[in-house]
Amino acid sequence: MADPKSQNNVILACQPPKTLEDFDPPKKPGRNVYAIACATLASMTSVLLGYDIGVMSGAIIYIKKDLKISDLRVEVLVGILNLYCLIGSCAAGRTSDWIGRRYTIVVAQVIFFVGAILMGFATNYAFLMVGRFVAGIGVGFALMIAPVYTTEVSPASTRGFLTSFPEVFINAGILLGYVSNYGFSKLPTHLGWRLMLGAGAIPSFILGIVVLGMPESPRWLVMQGRLREAKKVLDKTSDSQEEADIRLADIKGAAGIPENCTADIVPVIKQSHGEDVWKELFLHPTPAVRHALIAAVGIHFFQQITGIDSVVLYSPRIFEKAGIKSTNDKLLAAMAVGFSKTIFILVATFLLDRIGRRPLLLSSVAGMIFSFAMLGTGMTIIEHSDTKLTWAVALCIAMVLAFVAFFSIGMGPIAWVYSSEIFPLRLRAQGASIGVAVNRVTSGVISMTFLSLSHGITFGGAFFLYASIATVSWFFFYFMLPETQGRTLEDMEGLFGNFGWKFAEFKKIKKQQQNHDLNEEVKGTGNGNDRGQIQLVLLSIFYIS
């Protein structure tokens, strides 16, 4: 009988010698170029909202002069598009389940194209409002469908990176709007603002054609029973064949299709026209669905109620109040705001899947609180000074840029990423549309009241109010939003349902620390309790993941 030890030696001798590379950790898969291309095309629809926000901030200066309208009408004209978005975002949920995600994106482009043309040819205030109405519906469609489609084609490893693309293109659109303002500002007043608004038809026309080359969402294809087409898309958008098979199995399970079903096309139970979905969301939600709905509504509500659209839409007014009087200088300063937002949103896209949603979000909101507090201080000093204080003007400009930077690195993209990934498949389109609706309504209220608010409690008082609201939002996010980094979409329900999850974590930490202190006392170290109390306080403050 052969000696086992000698046999092992023979086997080892036959194996090639190991190198340093053999001990390296497994390499992460590279970014899926096809998934990035799909996410980019879908997310470019968000340019529509960004362009409208950016261009209106400057165009309104010339519209007010040309049409001779009051500040109240200015507020309504600027903010009403956000309320019109409500119609589009609510209709987009059912439309996307009916005709598919891709064709819903085309519908968004067509509607906005018509709206931009109407605004460009507007001859009076009423005509302009009609154009805003049509464009608003198109923006609502685009805002709802872009993050949903992007989420559904993205692999889990890069979902945060790819789903932040809509916010990236919103910021790119804002920057384009600011550049358009500056470029057309040299034309006669009656012509300049019309070209600023009408130019928005160009990107919508191009995108409406380009998106036809995108594949359909694999999850929508499975809901239609088109398994072969869904598998083809998943094979292209996954990091590996194994991941594609797992994603397909998860989606089939969520859609009620047996996992062992391999037919190309299978019959599926036709869903009702959304009534059951709305009942499950509002009337009979499970604890997990209720928690997800509160999280989605909350993050979209706080994203807007903290005043981002007030800063972006009225940045020329804010700079004027800070002491910049030249229209040209105000538009240049507004362009700096656009550059700041765009640069930092690009930074955020690379951090979402590395750091996680919660740390970025909480850090972002903390920076927003600081920026608004300092901006409020600077504006209050300027408002109570009889002379121009250069340092105070510089402080206000710096804090506006800092605020949009902090917003863009966390709160801006994460609201769209988070709300589009936390709902179950059967509720995802409608759940996302609710988040968009809350987002746009809140934005409309903020943008239509900022000038009146600043007249009532001063610009400084308005920014102090926003800082207070942002503080409330920080605590909401801390206690209500669990981390979703790296989880598959079908695995999300397990994260939600326990509203006291953060308190439970704190109690767990406290119990562990008490056990540790007891062991220290048994060993006779003496200072275990004091050190334990310090560690408990630090953990309770900084435990954010």
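For the protein, an unreviewed UniProt entry supplies the name Major facilitator superfamily (MFS) profile domain-containing protein and the organism Carya illinoinensis. On record in UniProt, under Subcellular location (unreviewed entry), the comment for the protein is "Membrane". In its Sequence similarities (unreviewed entry) section, UniProt records this for the protein: "Belongs to the major facilitator superfamily. Sugar transporter (TC 2.A.1.1) family."

Trainee: Any chance you could explain the packing of aromatic side chains here in plain terms?
Mentor: Remark: the centre distance and the inter-plane angle together describe each pair of aromatic rings, the angle taken between the planes. Counted under the stated rule, the structure contains 18 aromatic pairs. Ring plane angle 25 degrees and centroid distance 5.5 Å describe the contact between Tyr314 and Phe450, whose orientation is recorded as stacked. Here Tyr314, found in the loop between helix 16 (308-313) and helix 17 (315-322), pairs with Phe450, found in helix 22 (residues 450-480); they are 136 residues apart in sequence, far enough to count as distant. A relative accessible area of 2% places Tyr314 in the buried class. Consider the rings of Trp474 and Tyr478, whose centres lie 5.4 Å apart with planes at 10 degrees: the pair is stacked. Taken together, the positions of Trp474 and Tyr478, both in helix 22 and four residues apart, correspond to about one turn of that helix. A relative accessible area of 5% means that Tyr478 is categorised as buried.

Trainee: Help me understand unusual backbone geometry, please; the structure alone is not making it clear to me.
Mentor: Keep in mind that most residues, glycine aside, have a negative phi and that most peptide bonds are trans. Of note in the backbone geometry, Lys68 takes a positive phi value of approximately 55 degrees without being a glycine. Note on placement: Lys68 falls in the loop between helix 3 (47-67) and helix 4 (71-99). In the Ramachandran plot, Thr458 falls in the positive-phi region, its phi being about 75 degrees despite a non-glycine side chain. In this fold, Thr458 is placed in helix 22. The class for Thr458 is partly exposed, based on a relative accessible area of 33%.

Trainee: Honestly, the packing of helix 8 (residues 165-184) against helix 20 (residues 390-421) in this entry has me stumped. Any pointers?
Mentor: In helix packing, the relevant descriptors are the interaxial angle and the interaxial distance, both defined with respect to the helix axes. At a minimum axis distance of 8 Å, the contact between helix 8 and helix 20 shows a crossing angle of 125 degrees. Looking at the two axes, helix 8 sits oblique to helix 20. Crossing handedness for the pair helix 8 and helix 20: right-handed. For the pair helix 8 and helix 20, contact is made by Glu167, Ile170 and Asn171 and by Phe407, Ser408, Gly412, Pro413 and Trp416, respectively.

Trainee: Would you mind going over the pattern of salt bridges with me for this structure?
Mentor: Pairs may arise between side chains of opposite charge once their charged atoms sit close together. Under the counting rule described, the total for this entry stands at 10 salt bridges. One salt bridge in this structure joins Glu229 and Arg226, with 2.9 Å as the shortest N-O distance. For Arg226, a relative accessible area of 27% translates into the label partly exposed. Through salt bridges with shared partners, a single ionic network connects Lys64, Asp71 and Arg317.

Cut-offs and rules
- Residues numbered from 1 in each chain as written.
- Predicted model: local features only at pLDDT ≥ 70, side-chain atom pairs only at ≥ 80, totals over all residues.
- Heavy atoms only, no water.
- UniProt positions renumbered as here; feature names shortened; annotations may be inferred.
- Phe/Tyr/Trp six-rings, centres within 6.5 Å; stacked < 30°, edge-to-face > 60°.
- Helix = DSSP H or I, 4+ residues; strand = E, 2+ residues; numbered from the N terminus.
- Buried < 20%, exposed > 50% of the residue type's maximum accessible area, 1.4 Å probe, protein only.
- Axes fitted to C-alpha atoms, helices over the stretch in contact; angles between N-to-C directions.
- Parallel < 35°, antiparallel > 145°, perpendicular 65-115°, else oblique.
- Left-handed = near helix turned anticlockwise from the far one by under 90°.
- Contact = heavy atoms within 4.5 Å.
- Salt bridge = Lys/Arg side-chain N within 4 Å of Asp/Glu carboxyl O.

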